[in-house]
Structures are given as C-alpha cells and as structure tokens.
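Chain residues, written in single-letter form:
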Amino acid sequence: MKFNTKTIHGGQQHDPAYGSVMPPIYQTTTYAQSTPGGHKGYEYSRTHNPTRHALENAFASIENGNHGLAFGSGLAAVDAVLKLLQPGDEVVSTNDLYGGTYRLFTKIYEDFGIKFHFIGMDNSDRIESYITPDTKLIWAETPTNPMMNIIDIVSVSKIAKKHNVLLAVDNTFATPYLQRPLDLGADIVMHSATKYLGGHSDVVMGALVVKNRDLAERLYFIQNASGAICGPQDAFLVLRGIKTLHIRMQRHCENGKVVAEYLANHPKIENVYWPGFESHPKHDIAKSQMSDFGGMVSFTTKGNDYKEAIKIVENLKIFTLAESLGGVESLAGHPASMTHASIPKEEREKTGVVDSLIRLSVGIEDKDDLIADLKQAIG
Ligand SMILES: *Cc1c(COP(=O)(O)O)cnc(C)c1O
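Note that this is a predicted model, so its numbers are computed, not measured.

Trainee: Please set out the packing of helix 10 (residues 245-264) against helix 14 (residues 367-378) residue by residue, giving values where relevant.
Mentor: Direction vectors running N to C along helix 10 and helix 14 enclose 30°, while the axes themselves pass 10 Å from each other. The angle between helix 10 and helix 14 falls in the class roughly parallel. For helix 10 against helix 14, the interelement crossing comes out right-handed. Each of N255, V258, V259, Y262 and L263 in helix 10 lies in contact with helix 14, whose residues at this interface are K367, L370, I371, L374, K375 and I378. Across the contact of helix 10 with helix 14, the residue classes tally to eight nonpolar, one polar and two charged.

Trainee: Just give me the short version of the pairing of strand 4 (residues 135-141), but keep the residues and values in it.
Mentor: Counting buried residues along strand 4, six of its seven residues qualify, which places the element largely inside the surrounding structure. Here four bridges tie strand 2 (residues 90-94) to strand 4, and the two strands are oriented parallel to one another. Of the residues in strand 4, the one forming a bridge with V92 is I138. Sheet topology places strand 4 next to strand 5 (residues 166-170); five bridges connect them, and they run parallel. The residue bridging L137 from the neighbouring strand is L166, located in strand 5. In this view, the connection linking strand 4 to its parallel neighbour strand 5 by way of helix 6 (residues 153-162) has right-handed handedness.

Trainee: Let's hear about the packing of aromatic side chains: which residues, and what values?
Mentor: For the structure on display, the rule yields 10 aromatic pairs. Where F105 meets W139, the ring centres are 5.8 Å apart and the plane angle is 90°; that geometry is what we call edge-to-face. Of this pair, F105 sits in helix 4 (residues 99-109) while W139 is found in strand 4, placing the two residues 34 residues apart along the sequence. A residue is classified by how much of its surface remains accessible, and W139, at 0% relative accessible area, is buried. Ring geometry for F116 versus F118: centroids 6.0 Å apart, planes at 15°, classification stacked. The class of F116 is buried, set by a relative accessible area of 8%.

Trainee: Give me the lowdown on helix 10, citing residues and values where you can.
Mentor: Counted at 1.5 Å a residue, the expected span for helix 10 with its 20 residues is 28 Å, and the 28 Å between its end C-alpha atoms agrees. Taken together, the buried positions of helix 10 are L245, H246, R248, M249, H252, C253, N255, G256, V259, A260 and L263.

Trainee: Give a description of the site of the ligand that names residues and reports values.
Mentor: Taken together, 14 residues form the shell around the ligand, and within it G74, D170, S192, T194 and K195 come nearest. A distance of 2.6 Å separates a nitrogen atom of the ligand from a polar side-chain atom of D170. Within the contact set of the ligand, an oxygen atom lies 2.7 Å away from a side-chain nitrogen or oxygen of T194. Summarising the interface, the protein chains cover 93% of the accessible area of the ligand, which totals 380 Å² for the free molecule. Among the elements of the structure, helix 3 (74-82) and strand 6 (188-192) are those that each provide at least two residues to the shell around the ligand. In the shell around the ligand, the residues fall into six nonpolar, five polar and three charged.

Trainee: How would you explain the domain arrangement of the protein chain if you had to name every residue and give the values?
Mentor: Per the domain assignment, the segments of the protein chain are domain 1 (3-242) and domain 2 (247-378). One C-alpha centre belongs to domain 1, the other to domain 2; they are set 26 Å apart. Of the residues lining the interface, 35 residues belong to domain 1; the matching set on domain 2 comes to 41 residues. Carbon and sulfur atoms supply 62% of the area that domain 1 and domain 2 bury against each other, a total of about 3,000 Å² over both sides. Counting across the domain 1 and domain 2 interface gives zero salt bridges. Counting the contacts that link domain 1 with domain 2 gives 13 residue pairs in polar contact (both at pLDDT 80 or more).

Trainee: Run through the sheet that holds strand 6, naming residues and quoting values.
Mentor: Reading across the sheet, the seven strands line up as 1-7-6-5-4-2-3 and stay open at both edges, with mixed pairing between neighbours. One side of each edge strand has no neighbouring strand; the edge strands of this open sheet are strand 1 (67-71) and strand 3 (115-119). The mean inter-strand angle of the sheet, taken between neighbouring strand axes irrespective of direction, is 20°. Helix 2 (residues 50-62) contacts strand 1 and strand 7 (206-210) of the sheet and is inclined by roughly 125° relative to strand 1. Along the sheet, helix 6 makes contact with strand 4 and strand 5, crossing strand 5 at roughly 155°.

Trainee: So what's going on with the pattern of salt bridges? Residues and values would help.
Mentor: Scanning the model with the defined rule gives 13 salt bridges in all. Here K345 and E349 are joined by a salt bridge, their closest N and O atoms 3.3 Å apart. In this pair, K345 and E349 are both assigned in helix 13 (residues 345-350), four residues apart and thus about one turn of the helix distant. Residue K345 is classed as partly exposed on the basis of its relative accessible area, which comes to 44%. Measuring nitrogen to oxygen at the nearest pair gives 3.6 Å for the salt bridge that ties R348 to D355. R348 gets classed as buried once you look at its relative accessible area, which sits at 8%. It is possible to trace a salt-bridge network through shared partners that takes in K345, R348, E349 and D355.

Trainee: Lay out the side chain of E63 in plain terms, naming residues and giving numbers.
Mentor: Mapped onto the secondary structure, E63 falls in the loop between helix 2 and strand 1. With no salt bridge to any partner, buried E63 finds its closest opposite charge in R180, at an N-O distance of 6.2 Å. A polar contact of 2.6 Å, which involves the side chain of E63, links it to the side chain of H191. Discounting residues that sit within four places of it in the chain, E63 has contacts with N171, P176, Q179, R180, P181, L182, V189, H191 and V209.

Calculation rules
- Residues numbered from 1 in each chain as written.
- Predicted model: local features only at pLDDT ≥ 70, side-chain atom pairs only at ≥ 80, totals over all residues.
- Heavy atoms only, no water.
- Axes fitted to C-alpha atoms, helices over the stretch in contact; angles between N-to-C directions.
- Helix = DSSP H or I, 4+ residues; strand = E, 2+ residues; numbered from the N terminus.
- Parallel < 35°, antiparallel > 145°, perpendicular 65-115°, else oblique.
- Left-handed = near helix turned anticlockwise from the far one by under 90°.
- Contact = heavy atoms within 4.5 Å.
- Nonpolar A, V, L, I, M, F, W, Y, C, P; charged D, E, K, R; others polar.
- Buried < 20%, exposed > 50% of the residue type's maximum accessible area, 1.4 Å probe, protein only.
- Pairing = 2+ DSSP bridges.
- Right-handed = clockwise from strand over helix to strand, strands pointing away.
- Phe/Tyr/Trp six-rings, centres within 6.5 Å; stacked < 30°, edge-to-face > 60°.
- Expected span 1.5 Å × (residues − 1).
- Near = heavy atom within 4 Å.
- Polar contact = N/O pair within 3.5 Å; in protein donor to acceptor, adjacent residues only side chain to side chain.
- Areas by Shrake-Rupley, 256 points an atom, 1.4 Å probe, with all protein chains shown as cover.
- Domains from an automatic or database assignment.
- Buried area = accessible area lost by both parts, 1.4 Å probe.
- Salt bridge = Lys/Arg side-chain N within 4 Å of Asp/Glu carboxyl O.
- Lys, Arg positive; Asp, Glu negative; His and termini not counted.

Dropping the structure here:
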C-alpha cells in the first residue's frame, strides 16, 4: 500500500459489529467477561481500548513500523521512552530541541540519575565522541525546533548501531509524509500528534512507533504501568486527522515555500530558516531524507530587536499568535518568550534562538492572504 492510501486505510478494518467504516468511539472503561478471564481481548481501557487500538495501528502503518502506541501528550510519549533507562545511563541529545523535551530531560530525569549531553548533531565525530559504555539512547529531532537544523538520520543510526544504542527521532515537524525515520535506521519514532497528525488544533496527544517486538513489549508495559494513555474520543479525532495528512501536508509544503521565499526577499528580514533553500547548510541531506520541506519557517529581523519582533507578531491578523504548530490554520510564535522561555537565555542563544526570532507554522489558507498578512505586519 502506498503512503496516501495508508493514511486512510492503514491498519484499519471495518468494525466487526455493524460494519461501521470508522471505528466507534468505545467510551468505556471496562468490558464484560463471561467467566473470569473470558473476554474478547479487552479487559480495562488503560491497558487496551478498541478505538485507541485502531489509531495505534494507523500510527504503525504510516511510519512503516510494526507497533504503535498512543499517549495523552507528546511529552508523555517522550517520558515513556526515558523510562526504558536506569540511573547511571547516559543520553546524547541534540541541543536544538523542543523546549518541553529539554525541560523533561533536565528537570525530571537528571534528578533520577540520568546524564544528558546536549550537542550539535551536524557532525558524526562529535556525536561519537560523546558515546560512553553507559550511553543507552540518542535523541534526535529533525528538522529541529525552531532553527530548522537537519540531522542526517542514516549517519546517526549507523553510530547508534555500532555502539548498540537506541536511536529515537522526534518526527513531529516532518511527519511520515515527508520523512520516515524507521526506514532510515531509527529504532523509535516519536510524535507530538497534537501537531500535524491531529492537524486541527483540537487534541493533545503523543505517539511512539517501533519495529522491534521486544522494544514494543517494554514500551507497552511502561504505557500500561505508568498510565499516560489518551482517551477514545481523542483517538477518534486523531484517526480522522490522519486520513487527510497527505493532502494537508502537500498544501503546508506549497505555502511554506511561498512564505519562505517572500521573507528571504524582504528588506527588513535578516535570516530565514527553511531547509528548502539551497543555501541551507544541510539542504542536500534534507533533500535526500525528506520528500519535501514542510510548512515550518523561522526568521529574524535586521537589527535583532526584541520589541520589533513582538510588534510583528502582534500585528499579524491571519497568522494567530499562539503556541503549537501543525494545524490547518497559520500560527506565529516568538520562541524566546514562548516555547523556549524555559531554556536559559545563554543556552538558547547558542543555538540561534535570539530575541527577534519568529517561528511560523504556515497553514493551508490561500497563500495570497498569508503573504498580504506578513506584508502588513512587517511593514
Ligand atoms: C509539541 C512538541 C512536543 C511535545 O508534545 P505535546 O503534545 O505538547 O506534549 C515534542 N516535540 C516537538 C517537536 C513538538 O513540537
């Protein structure tokens, strides 16, 4: 089955009870047993729920994995991966990553005795130099948030395999429409399904997908033991969202390109970060591991003035000033004061998150309206 068919049919079957084409929302906590243990595969909805199960199968299908898991948020999914580790273990992580993931690593898991190395992953030798016998996990995000750096998944996966370390890739920005990390050698794919997979800014959810059965068993155990699952109504909504992922992503990419090119030619704009530019330092890798370049675009203004950046995001009318990304509507964010405020100024500036940086999640509205909005806001 090709990708555009998998988004609609992958891992799905019509409901056996009445043939309903969409899985019913099984809004139930428990399932009748005829005799102790005599059930139809479902006992309690923390452990299993048919609607969630349908969604987990869809996750696995679109990421070319064998096993999918749905969580109550993207961070709950990251948390489940970290629970594979033991005190004393080490993690090599990209230094340009989602602020909430950084907070989870440093404010929760460091206290449990896990050591993190935050490094630029643009260089294989550098990655390898941080690997010790205690390293158990490499955490990568590509394209990175919000600087649109590109990590070469194939080359990182070779290092991970050589040292017998798990490689997890946060694929939230790219989605499997653009990039499928398991095919490139990753062990675990993670999503904030809150973003493009859900796609309509109405559900908070997380996902993991793996190929390996033993790894899946360990993660299912953690999912059930820790309990950070999503509800059946949310599972239904994300399943519905996935059915249009391919056509939404196609438009996000088209509009993202138009917006990136407009900004690049604007006299008041200093830098535009978008992997589709030939001048992007990792454009070739982006081209080889992604099928297109997505709808996330970041930029800075000439003079790097905090107040001017705030004025631009306040002036926008169609782009809504809001956290989050990946919905059908265009959003704008100011990472230094919003998504990345939890990262110390010194740390965030090292990775390029300066005071005038604005991040756009380009939606699927008419491109002419988006450009007109940017024009009036930037001036
Ligand atoms: C939003 C986001 C997360 C966290 O997901 P939640 O659903 O908000 O918990 C993790 N990684 C990336 C890249 C994100 O954009």
